[in-house]
Amino acid sequence: MERNLHKQLGNMKKSLFDQGYLDEQFIQLEELQDEANPNFVEEVVTLYYRDSARLIQNIEQTLENNPLDFAKLDNYMHQFKGSSCSIGAKKLKNECTQFREHCKTGNGDGCKRTFQQLKKEYAALKKKLEHYFQVP
């Protein structure tokens with residue numbers, strides 16, 4: 001039974017990597033987990049989602065302004081990218097990079113499109129990780 005559980009978790013994690021959701025940083029987080037702190041990775045991911053929700057809200061509010069403050073948007077996205085990288089969120093990191101490129105070129109429509117895609121990837125990863133951590 002326990003062997004099947006480890007296999008199921010391994011397959012789920014492999015799928016997250018194969019689909020491009022996670023990178024090697026996630027493995028490095030898992031390597032920090034031990035008997036003294038068996039839920040370390042789940043706790044880090046939970047903190048990430050709690051803290052990043054504020055950044056997403058700040059970005060949404062700033063995107064509503066006219067004219068757009070690209071420096072402020074870039075700063076928020078820089079913070080979001082750093083947080084996303086810390087948990088190994090590869091697709092989110094890529095969307096952040098694209099968003100920041102749009103900021104640098106003053107492309108407001110590009111920022112808005114990329115942000116919508118980022119929010120989809122954010123929600124998809126959250127759902128997948130919640131499922132991953134719920135497996136007993």
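Everything numeric in this text was worked out from a predicted model, so none of it was measured.

What follows concerns the UniProt feature "modified residue: Phosphohistidine" (unreviewed entry) in the protein. As recorded in UniProt, the sites labelled "modified residue: Phosphohistidine" (unreviewed entry) are His78. With respect to the helices and strands, His78 occurs in helix 4 (residues 70-87).

The biggest cluster of nonpolar side chains holds 32 residues, and the ones touching the most others in it are Phe80 and Phe99. Those elements giving two or more residues to this core turn out to be helix 1 (2-18), helix 2 (24-32), helix 3 (40-63), helix 4, helix 5 (90-105) and helix 6 (108-134). Among the elements that line this core, the one with the most residues is helix 3, at eight residues. Those residues within four positions of Phe99 in sequence are excluded, and the remaining contacts are Ile59, Leu63, Leu73, Met77, Cys111, Thr114 and Phe115.

Counted by the stated rule, this structure contains eight aromatic pairs. Between Phe26 and Tyr132, the ring centres sit 6.1 Å apart and the planes meet at 65°, which makes this aromatic pair edge-to-face. Linking Phe26 in helix 2 with Tyr132 in helix 6, this pair joins segments that are 106 residues apart in sequence. Residue Tyr132 is classed as buried on the basis of its relative accessible area of 9%. Judged by centre distance (6.3 Å) and plane angle (55°), the ring pair of Tyr48 and Tyr122 falls under tilted. Note that Tyr48 is positioned in helix 3 and Tyr122 in helix 6, a separation of 74 residues in sequence. Neither Tyr48 nor Tyr122 differs from the other in exposure class; each is buried.

Take unusual backbone geometry next. A cis amide bond links Asn66 to the next residue, Pro67, at an omega of 5°. When you line up the elements, Pro67 lands in the loop between helix 3 and helix 4.

Our next topic: the UniProt feature "domain: HPt" (unreviewed entry) in the protein. According to UniProt, the positions carrying the feature "domain: HPt" (unreviewed entry) are residues 37-132. Secondary structure content for residues 37-132 is 86% helix and 0% strand, while the C-alpha to C-alpha distance between its ends is 18 Å.

Cut-off values and rules
- Residues numbered from 1 in each chain as written.
- Predicted model: local features only at pLDDT ≥ 70, side-chain atom pairs only at ≥ 80, totals over all residues.
- Heavy atoms only, no water.
- UniProt positions renumbered as here; feature names shortened; annotations may be inferred.
- Helix = DSSP H or I, 4+ residues; strand = E, 2+ residues; numbered from the N terminus.
- Core = buried A, V, L, I, M, F, W, Y, C linked by side-chain atoms within 4.5 Å.
- Buried < 20%, exposed > 50% of the residue type's maximum accessible area, 1.4 Å probe, protein only.
- Contact = heavy atoms within 4.5 Å.
- Phe/Tyr/Trp six-rings, centres within 6.5 Å; stacked < 30°, edge-to-face > 60°.

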